[in-house]
Number of protein chains: 2
Amino acid sequence: MFQLSVSTRDRILDTAERLFAEQGFHVATLRQITQEAAVNLAAVNYHFGSKQALMRAIFKRRLDALNTARMERLDAALRIDPPELEDVLDAFVQPALAFTRGGDAEGQRFMQLLLRAFADRDTDLHQAMRLEYAHVMRRFADAIGHALPDADPERLRQQLDFIVGALTLTMAESALKDTRIIAGELVRFAAAGLRAPIPTDAEQEARFSLEARS
Amino acid sequence: MFQLSVSTRDRILDTAERLFAEQGFHVATLRQITQEAAVNLAAVNYHFGSKQALMRAIFKRRLDALNTARMERLDAALRIDPPELEDVLDAFVQPALAFTRGGDAEGQRFMQLLLRAFADRDTDLHQAMRLEYAHVMRRFADAIGHALPDADPERLRQQLDFIVGALTLTMAESALKDTRIIAGELVRFAAAGLRAPIPTDAEQEARFSLEARS
DNA sequence: GTCTATAATGGGATAGAC
DNA sequence: GTCTATCCCATTATAGAC
């Protein structure tokens, strides 16, 4: 943290982030990372302790930045009471595509990394991510609850998971030039889903009997 | 395919599918797989040729079954013209949670595997999956286009990606007992998003200037 | 088809000089 | 803080007996 030569440490972080995102944690090797970062092989263990610890450091750096950016935009949206639903969703979605000063390329890279973390259940990283996310999720669920006072809180959390899935997979997949438009589309799509009325029991019954036919 | 001892081959397939889903392709080792399947280490190479080929075989088996189940339900939904939007979405979503005779546990396992395949860009498996998916996606996009004749086809494909993301990540994450209810929630959520009117240019403009303030 | 034994490779981590 | 050299370990894949 307080070392003079930040450049070696940061070159490792940047290079490893790229290679982990492109190839995955187990495929990218320390030899490859240190070679492309033009640092010595032993530097990883000196600065981070282990390959796992390096991954955690990469993750923490970006996720903290993403969460902070989301919170700031959420606070801005909450200056209106009740907040506008689209503003709350914007606060969640927009920072995901450009939360670093580096621009879209880094944002998409981290989305790929996030997707890998989601896929890696039963791992320290997955648990850590869920914990860091839980706090932010609760705040966004609350904010949406204020924008839609009639909604069921339990259902809102479920629907927020839909949005996370759509956002993460789409941002990790899409061509870079489209991310800004796609984010707007997602906000519109999600807002409509959240505002949709809950079907009555009678309508539910009709749907299930329809399914049974097929 | 036409060998007498299908049991060794199938025990490898089932065990490897479970371990790949739980741990990932590179963490699960052939030693672990063959030990838990109670077959000899060399049997994998004899029956499949390599670890990669084993993965492809696992994937093909389930994805073919999933696609077939989806197509059948889609055909049923298309017997009404124009089809009911919720029926089309049901045809896409419901088979994902119980497309094998084994029930929910296997379905969720494969969703975890699918999520890993999505995360693994630049890999043979990812490309193969996209190709197999493309055909089904086009048919579903067309069907939704029939249910919503005023919608823009390009936008529909984008929104279908949202649904795939929400479905895949949610099904891979969720507790088993909830999958049936969650699928119904997703259909309702997605239907509302698809039916949402496209904002006018004036409304778009208002939103962007609102963002600039924050 | 199934097994044992092993070849061939590459990985993460570390000791110790500078 | 940085480097070289190396330890130690695990992996996939295969050769060859049965």
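Shown above is the structure to which this text applies.
Residues numbered from 1 in each chain as written. Chains lettered and ligands numbered in written order. Predicted model: local features only at pLDDT ≥ 70, side-chain atom pairs only at ≥ 80, totals over all residues. Heavy atoms only, no water.

A. Structural view of the interface of chain A and chain B. Contacts between chain A and chain B engage 50 residues on the former and 50 residues on the latter. Counting the surface lost from both chain A and chain B, the interface buries some 4500 Å², and carbon and sulfur atoms represent 56% of this. Contact with chain B buries surface across chain A, with F162, R188 and F189 of chain A losing the most and accounting together for 17% of the total. Counting across the chain A and chain B interface gives 6 salt bridges. Salt-bridge contacts for E173 of chain A lead to R130 of chain B; the nearest nitrogen and oxygen are separated by 3.2 Å. Between the two partners, chain A and chain B, sit 16 residue pairs in polar contact (both at pLDDT 80 or more). Secondary-structure elements contributing two or more residues to the side of chain A that touches chain B are α1 (6-23), α4 (51-77), α5 (85-97), α6 (104-119), α7 (124-147), α8 (153-173), α9 (179-195) and α10 (201-213) of chain A. (Contact = heavy atoms within 4.5 Å. Buried area = accessible area lost by both parts, 1.4 Å probe. Salt bridge = Lys/Arg side-chain N within 4 Å of Asp/Glu carboxyl O. Polar contact = N/O pair within 3.5 Å; in protein donor to acceptor, adjacent residues only side chain to side chain. Helix = DSSP H or I, 4+ residues; strand = E, 2+ residues; numbered from the N terminus.)

B. Geometry of the nonpolar core. Among the nonpolar cores identified, the biggest contains 135 residues, and F20 of chain A together with F20 of chain B are the most heavily contacted of them. Once you skip the residues sitting within four places of it in the chain, F20 of chain A turns out to touch F25, A28, I33, K51, L54, M55, I58, L113 and R116 of chain A. (Core = buried A, V, L, I, M, F, W, Y, C linked by side-chain atoms within 4.5 Å. Buried < 20%, exposed > 50% of the residue type's maximum accessible area, 1.4 Å probe, protein only.)

C. Representation of the relation of the copies chain A and chain B within the structure. Its rotation angle being 180°, the transformation that places chain A on chain B also includes 0.0 Å of axial translation and leaves an RMSD of 0.1 Å. Considering both components of the superposition, the chain copies are consistent with a two-fold axis. A shared interface surface links the copies, since 98% of the contact residues of chain A are contact residues in chain B too. (Least-squares fit on C-alpha atoms with pLDDT ≥ 70 in both.)

D. Representation of empty space enclosed by the protein. Scanning all chains against the criterion turns up 3 cavities of 30 Å³ or more. What the largest cavity holds in volume is close to 50 Å³. Forming the walls of the largest cavity are F162, I163, A166, L186, F189 and A190 of chain A together with F162, I163, A166, L186, F189 and A190 of chain B. Listing elements by their share of the lining of the largest cavity, those giving two or more residues are α8 and α9 of chain A together with α8 (153-173) and α9 (179-195) of chain B. Among the residues making up the lining of the largest cavity, the classes are represented as 12 nonpolar, no polar and no charged. (1 Å grid on protein atoms, 1.4 Å probe; cavity = no way out; pocket = protein on both sides within 12 Å on 5 of 7 lines; lining within 4 Å. Points joined across faces, edges and corners; volume = space filled by probe spheres on them. Nonpolar A, V, L, I, M, F, W, Y, C, P; charged D, E, K, R; others polar.)

E. Representation of the environment of H126 of chain B in the model. Looking at the secondary structure, you find H126 of chain B in helix α7 (residues 124-147). Residue classification places H126 of chain B among the buried positions, given a relative accessible area of 4%. Each C-alpha atom of the pair H126 of chain B and R116 of chain B lies 9.1 Å from the other, and the pair is 10 residues apart in sequence. In this structure H126 of chain B touches E173 of chain A together with A117, F118, D120 and R121 of chain B, once residues within four positions along its chain are discounted. In terms of polar contacts, H126 of chain B uses its side chain to reach the backbone carbonyl oxygen of A117 of chain B, at 2.8 Å. In this structure the side chain of H126 of chain B is engaged in a polar contact, spanning 3.5 Å, whose partner is the backbone oxygen of F118 of chain B.

F. Broad picture of the environment of L63 of chain B. Residues and elements named next belong to chain B. Assignment of secondary structure puts L63 in helix α4 (residues 51-77). Take L63: its relative accessible area is 1%, and that puts it in the buried class. When the C-alpha positions of L63 and A96 are compared, they lie 9.9 Å apart, and in sequence the two are 33 residues distant. When residues no more than four places from it in sequence are discounted, the contact partners of L63 are F110, M129, E132 and Y133.

Any link to function would need more than the numbers given here.
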